[in-house]
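Chain residues, written in single-letter form:
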Amino acid sequence: MTFQHPDLSVQLHGEQQEIAIVTMNRPAKRNALNDGLILAIRDAFQNLPASVRAAVVDGEGEHFCAGLDLSELSERDAAEGVFHSRMWHAALECVEKGTVPVIAALHGAVVGGGLELASACHIRVADETTFYALPEGTRGIFVGGGGAVRVPKLIGAARMTDMMLTGRVYNAADGERVGLSQYLVPGGTAREKAIELATRIATNARMTNFALMHALPRIAEQPADHGLFTEALMASIAQSAPEAKERVRAFLEGKAAKVKKAD
Ligand code: 1HE
């Protein structure tokens, strides 16, 4: 254990302690995110040990996360609401644009702010119990944790609008179909699959992971001409790293794995 908080644990995994497993641990409240827990997520991602190369986020109990802790909502006036939303933005920015790729291991409810947290991660893995919703719409509120920016990037604005206007709930299979998750683990646990993926990601060249986390999302939002220019710069920086040269040489010498046909 590297991080102390009553509702959040960080456990290191792997031979080199290269995987951080960040677990929300408030199962009695379905891992609802009160201010303490969202700030703990920020602190955990800002302070990952130097050995960590990839992270997994999951939730204790029957659900990944029930979203914003609604018991804290009524105490805020309009100005406090704005700052509260900005606090969530800052915390989830630490997940999305931190030091390592993050995989969300989903099960049960992934709703409201829980889906906002999941969408700040780089890969989402779901098990068969997973379901997704944005109940903000039917509760008379709006997303405030970055969902308006990140969820449309996964599923498009039309599907998000439908979820919020109608209270539509996606099950695990439909969630994978529309792009809420990239993996659906039939019969297994999302956590196990997420750790497997994180272990693989941790072996990538650091500059490749950096480029995918920090350059790709920016390039995707740039006008094409700017994007191509940024891509050229990033490609050149990545290729010139000694680690990249070593990996390419290993392939040319027949010492690195070939790409194999998918199953
Ligand atoms: C909560 C919360 C919560 C559960 N805030 N306390 N999110 C929502 O609108 C989703 C609200 N939650 C639910 O729909 C359900 O709780 C679940 C589908 C997630 C789980 O159902 P279930 O039957 O397993 O649990 P439960 O009996 O509903 O809840 C267990 C306890 O957790 C109960 O408290 P208790 O003291 O009566 O035992 C619930 O009140 C409590 N609980 N969810 C507070 N969310 C940055 S803006 C983001 C905006 C949003 O995220 S809004 C969407 C909020």
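Note that this is a predicted model, so its numbers are computed, not measured. (Residues numbered from 1 in each chain as written. Predicted model: local features only at pLDDT ≥ 70, side-chain atom pairs only at ≥ 80, totals over all residues. Heavy atoms only, no water.)

Draft legend 1. Fine view of the domain arrangement of the protein. Taken as a whole, the protein is organised into domain 1 (8-201) and domain 2 (206-252). Between the C-alpha centres of domain 1 and domain 2 the distance comes to 27 Å. Opposite the 10 residues of domain 1 that make contact, domain 2 presents seven residues. Together, Arg53, Lys97 and Pro101 form the three largest contributors to the area buried by domain 1 at its contact with domain 2, with a combined 55%. Across the salt bridge formed by glutamate 221 and lysine 153, the nearest N and O atoms sit 2.3 Å from each other. Counting every contact that joins domain 1 to domain 2 gives three residue pairs in polar contact (both at pLDDT 80 or more). (Domains from an automatic or database assignment. Contact = heavy atoms within 4.5 Å. Buried area = accessible area lost by both parts, 1.4 Å probe. Salt bridge = Lys/Arg side-chain N within 4 Å of Asp/Glu carboxyl O. Polar contact = N/O pair within 3.5 Å; in protein donor to acceptor, adjacent residues only side chain to side chain.)

Draft legend 2. View of the site of the ligand. Taken together, 22 residues lie near the ligand, and Lys29, Ala66, Leu68, Gly113 and Arg139 sit nearest. Contact between the ligand and alanine 28: an oxygen atom at 3.4 Å from a main-chain N or O atom of the residue. Glycine 113 is positioned such that a nitrogen or oxygen atom in its backbone is 2.7 Å from an oxygen atom of the ligand. Considering the ligand on its own, with 1,000 Å² of exposed area, one finds that the protein chains cover 66% of that surface. Counting only elements with at least two residues in the shell around the ligand, the list comes to strand S5 (109-111) and helix H3 (113-120). When the residues that make up the shell around the ligand are grouped by side-chain class, the tally is 10 nonpolar, six polar and six charged. (Near = heavy atom within 4 Å. Areas by Shrake-Rupley, 256 points an atom, 1.4 Å probe, with all protein chains shown as cover. Helix = DSSP H or I, 4+ residues; strand = E, 2+ residues; numbered from the N terminus. Nonpolar A, V, L, I, M, F, W, Y, C, P; charged D, E, K, R; others polar.)

Draft legend 3. Spatial organisation of helix H4 (residues 147-155). Every buried residue of H4 is listed here: Gly147, Arg150, Val151 and Ile155. Buried residues of H4 fall within an arc of 110° about the axis and therefore sit on the same side. Projecting away from the buried face of H4 at angles above 90 degrees are the exposed residues Val149 and Lys153. The secondary structure elements touched by the buried residues of H4 are helix H2 (78-96), H3, helix H5 (157-166) and helix H6 (172-178). The positive-phi residue at the C-terminal boundary of H4 is glycine 156, with phi of around 90°. (Buried < 20%, exposed > 50% of the residue type's maximum accessible area, 1.4 Å probe, protein only. Arc of directions from axis to C-beta.)

Draft legend 4. Just the pattern of salt bridges, in detail. Tallying each qualifying case throughout the model produces 14 salt bridges. Across the salt bridge formed by aspartate 43 and arginine 42, the nearest N and O atoms sit 3.0 Å from each other. Lysine 193 is the salt-bridge partner of glutamate 196, the closest N and O atoms lying 3.3 Å from each other. Highlighted residues: glutamate 196 and lysine 193, both in helix H7 (residues 190-201), separated by three residues, approximately one helical turn.

Draft legend 5. Highlighting the nonpolar core. Ranked by size, the top nonpolar core spans 48 residues in total, and within it Leu8, Met24, Phe45, Val57, Phe64, Val95 and Tyr132 carry the most contacts. Beyond its immediate stretch of four places on either side in the chain, valine 95 contacts Ile41, Phe45, Val102, Leu117, Ala120, Cys121 and His122. Counting 16 residues, the second-largest nonpolar core is a separate cluster that includes Val56, Val185, Ile201 and Ala202. (Core = buried A, V, L, I, M, F, W, Y, C linked by side-chain atoms within 4.5 Å.)

Draft legend 6. Fine view of the sheet that holds strand S9 (residues 183-185). On the basis of which strands lie adjacent, the open sheet formed by six strands has the order S1-S2-S3-S4-S6-S9 and mixed pairing. Edge positions in the sheet fall to strand S1 (8-13) and S9, since each has one partner strand and no second. The average undirected angle you get between the axes of adjacent strands in this sheet is 20°. With six bridges connecting them, S1 and strand S2 (residues 19-24) associate as antiparallel partners. From the neighbouring strand, glutamine 11 faces S2, where its bridge partner is isoleucine 21. (Pairing = 2+ DSSP bridges. Axes fitted to C-alpha atoms, helices over the stretch in contact; angles between N-to-C directions.)

Draft legend 7. Focus on the sheet that holds S5. Strand order in the open sheet made by the three strands is S5-S7-S8, with mixed pairing throughout. The two strands at the open ends of the sheet, each matched to only one other strand, are S5 and strand S8 (170-171). Where S5 meets strand S7 (residues 131-133), three bridges bridge the pair, whose relative direction is parallel. The residue bridging alanine 109 from the neighbouring strand is phenylalanine 131, located in S7. Here H3 sits on the sheet and contacts S5 and S7; the angle it forms with S5, its principal contact strand, is near 85°.

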